[in-house]
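Architecture at a glance
If you want the building blocks of each chain, they are given just below.
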Amino acid sequence: MTDLSPLGWTPGLDAELPAGARPGRVARVDRGRLTVLTADGELRAHPAPALLEDAGPAVGDWVALRGELAVAVLPRRTAFTRVVAGRTSAEQVVAANLDLVLVVDALTTAPRLRRVERYLAVAWGSGATPVVVLTKADLCDDVPAALAAVAEDAVGVDVLAVSSVTGEGVDAVRALLGPGRTAAMVGPSGVGKSSLANALAGTAVAATRGIRETDGRGRHTTTARELHRLPGGGLLVDTPGMRELGLVDDEGIDTAYADVTELAAQCRFRDCAHRTEPGCAVAAAIEDGRLDPARYTAWRKLQAEAHRQALRSDARARAAEHQRVKALHRAYRSQPNRLR
């Protein structure tokens, strides 16, 4: 097979390719049409109808191609997934097959720690390695203090400050993206993801607009997820700002809040509710200032949210199975020659 490592190919995936198909990596999805990167260049493809029954391919996916038809999505090694915005339990893969998740926020205001923690919980659950990137460092009066505040909560995560205007810190982010490594930038609108993408690429790969004078935030520009190839050989997924980031499960919560979960494991009682129980290590840490009560509250809130999502997903699965069984019964009863 032609060397696909510049596109982030995972060794061993060739065994998953259907006979007669060739691999391609999804760079963009536009109303069902796919922009796919292959060893021979970029092409436009259509997903087979069967793929659309399961939400279809996501940006970063490897697909099996027969001509201009994507007939299968190859197994994902990682995926940044969220619950679709609104009153739903449906899940959406934002980007797949990632090595890094760049959690982006701007230094135009005081660090928004609870929001960063939420993104980190989802990022850890993706299977990729999260990195916090704080943009617009040129607009911050005290960058070291802001870095320290975020680093204290971002347990086990590198925290970098960058400026797409001055170039500060851009090389540090670029160094994380070696040949064939894929990162996705995630964060709310206006934090400078597109400007950072352009700075990393050394050219305008994403549209940008000026910042608002009222709060220094950028204006929303990215409208679709897109995979860009960088000059140094890395790959970068630029994503639109997320109005909501709902948790699909609780897989990344304990890692994002490793300090809190470690304290909880030290409680005298295994089922400690961390309220008034004797021997509660969490309550003791809050009392003596080792644990920020707001961080503890955020941990409990995300746990509860993940639990509610699990219940909704189970209910949806039961409903789907009920409909499947009903359809089988209807098909059976409609058979003219069945035994009576």
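It should be emphasised that the depicted structure is a prediction, and the values quoted were computed from it without experimental measurement.

With respect to the overall build of the chain
Regarding its fold elements, the chain presents nine helices and 13 strands. When the 340 residues of the chain are sorted by exposure, 46% land in the buried category. Taking the contacts inside the chain whose residues are at least 6 apart along the sequence as the reference set, 63% of them involve residues at least 24 apart.

Describing the UniProt feature "binding site: Zn(2+)" (unreviewed entry) in the chain
Mapped onto the present numbering, the UniProt feature "binding site: Zn(2+)" (unreviewed entry) falls at Cys267, Cys272, His274 and Cys280. Relative to the helices and strands, His274 resides in the loop between helix 7 (258-264) and helix 8 (281-287). In this view, His274 contacts Ala264, Cys267, Cys280, Val282, Tyr296, Trp299 and Arg300; residues no more than four positions away in its chain are not counted. Along the polypeptide, Cys280 turns up in the loop between helix 7 and helix 8. Sequence-distant contacts of Cys280, that is, excluding residues within four places in its chain, are made with Cys267, Cys272 and His274.

Let's talk about the pairing of strand 3 (residues 41-47)
Successive side chains on a regular strand alternate, one facing one side of the sheet and the next facing the other. The pairing of strand 2 (residues 33-38) with strand 3 spans five bridges and is antiparallel. By the bridge assignment, Thr35 is partnered in strand 3 with Arg44. Hairpin geometry of strand 2 and strand 3 is characterised by an intervening segment of two residues between the two adjacent antiparallel strands. Note: strand 3 against strand 5 (residues 69-73), two bridges, orientation parallel. Paired with His46 across the two strands is Leu69, which belongs to strand 5.

A word on the packing of helix 2 (residues 113-126) against helix 3 (residues 143-153)
Viewed as axis vectors pointing N to C, helix 2 and helix 3 meet at an angle of 45 degrees, and their least axial separation amounts to 10 Å. Relative to helix 3, helix 2 is oriented oblique. Crossing hand, helix 2 versus helix 3: right-handed. For the pair formed by helix 2 and helix 3, the contact residues are Leu113, Arg114, Val116 and Glu117 on the first element and Ala149, Val150 and Asp153 on the second. In the contact of helix 2 with helix 3, the residues fall into four nonpolar, no polar and three charged.

Structural notes on the side chain of Thr239
Take Thr239: it is sitting in the loop between strand 13 (235-238) and helix 6 (253-256). Residue class for Thr239 comes out buried when judged on its relative accessible area of 1%.

Some thoughts on the nonpolar core
Counting 64 residues, the largest nonpolar core has Phe80 and Val132 as its most contacted members. At six residues, the largest contribution of residues to this core is made by helix 2. Counting residues in each nonpolar core, the second largest holds 19 residues, with Leu102, Val133, Val191 and Leu200 among its members.

Quick notes on the packing of aromatic side chains
All told, the structure shown has two aromatic pairs when counted by the stated rule. Ring centres 4.7 Å apart and planes at 90 degrees place the aromatic pair Trp9 and Trp62 in the edge-to-face group. Pair noted here: Trp9 is in the segment before strand 1 (22-30) and Trp62 is in strand 4 (residues 62-66), with a separation of 53 residues, a long-range link. Note on Tyr296 and Trp299: the rings are 5.9 Å apart at their centroids and 45 degrees apart in plane angle, and the pair reads as tilted. In this pair, Tyr296 and Trp299 both sit in helix 9 (residues 293-333), three residues apart, roughly one turn of the helix. When sorted by exposure, Tyr296 lands in the same class as Trp299, which is buried.

Digging into the environment of Thr203
Structurally, Thr203 is set in the loop between helix 5 (193-201) and strand 12 (226-229). Separated by 27 residues in sequence, Thr203 and Leu230 place their C-alpha atoms 9.6 Å apart.

Topic: helix 5
For helix 5, the buried fraction is high: seven of the nine residues fall into the buried class. Close packing links the buried residues of helix 5 with strand 8 (100-106), strand 9 (129-135), helix 4 (170-176), strand 11 (182-186) and strand 13. Directly after helix 5, the chain includes Gly202, whose backbone phi takes a positive value near 75 degrees.

So, the pattern of salt bridges
Per the stated rule, a full pass over the model turns up 15 salt bridges. Arg115 is the salt-bridge partner of Asp105, the closest N and O atoms lying 2.9 Å from each other. Here Asp105 is found in strand 8, whereas its partner Arg115 is found in helix 2, with ten residues between them in sequence. Residue classification places Asp105 among the buried positions, given a relative accessible area of 4%. Between Arg114 and Asp153 there is a salt bridge; the shortest N-O distance is 2.8 Å.

What counts and how
Residues numbered from 1 in each chain as written. Predicted model: local features only at pLDDT ≥ 70, side-chain atom pairs only at ≥ 80, totals over all residues. Heavy atoms only, no water. Helix = DSSP H or I, 4+ residues; strand = E, 2+ residues; numbered from the N terminus. Buried < 20%, exposed > 50% of the residue type's maximum accessible area, 1.4 Å probe, protein only. Contact = heavy atoms within 4.5 Å. UniProt positions renumbered as here; feature names shortened; annotations may be inferred. Pairing = 2+ DSSP bridges. Axes fitted to C-alpha atoms, helices over the stretch in contact; angles between N-to-C directions. Parallel < 35°, antiparallel > 145°, perpendicular 65-115°, else oblique. Left-handed = near helix turned anticlockwise from the far one by under 90°. Nonpolar A, V, L, I, M, F, W, Y, C, P; charged D, E, K, R; others polar. Core = buried A, V, L, I, M, F, W, Y, C linked by side-chain atoms within 4.5 Å. Phe/Tyr/Trp six-rings, centres within 6.5 Å; stacked < 30°, edge-to-face > 60°. Salt bridge = Lys/Arg side-chain N within 4 Å of Asp/Glu carboxyl O.

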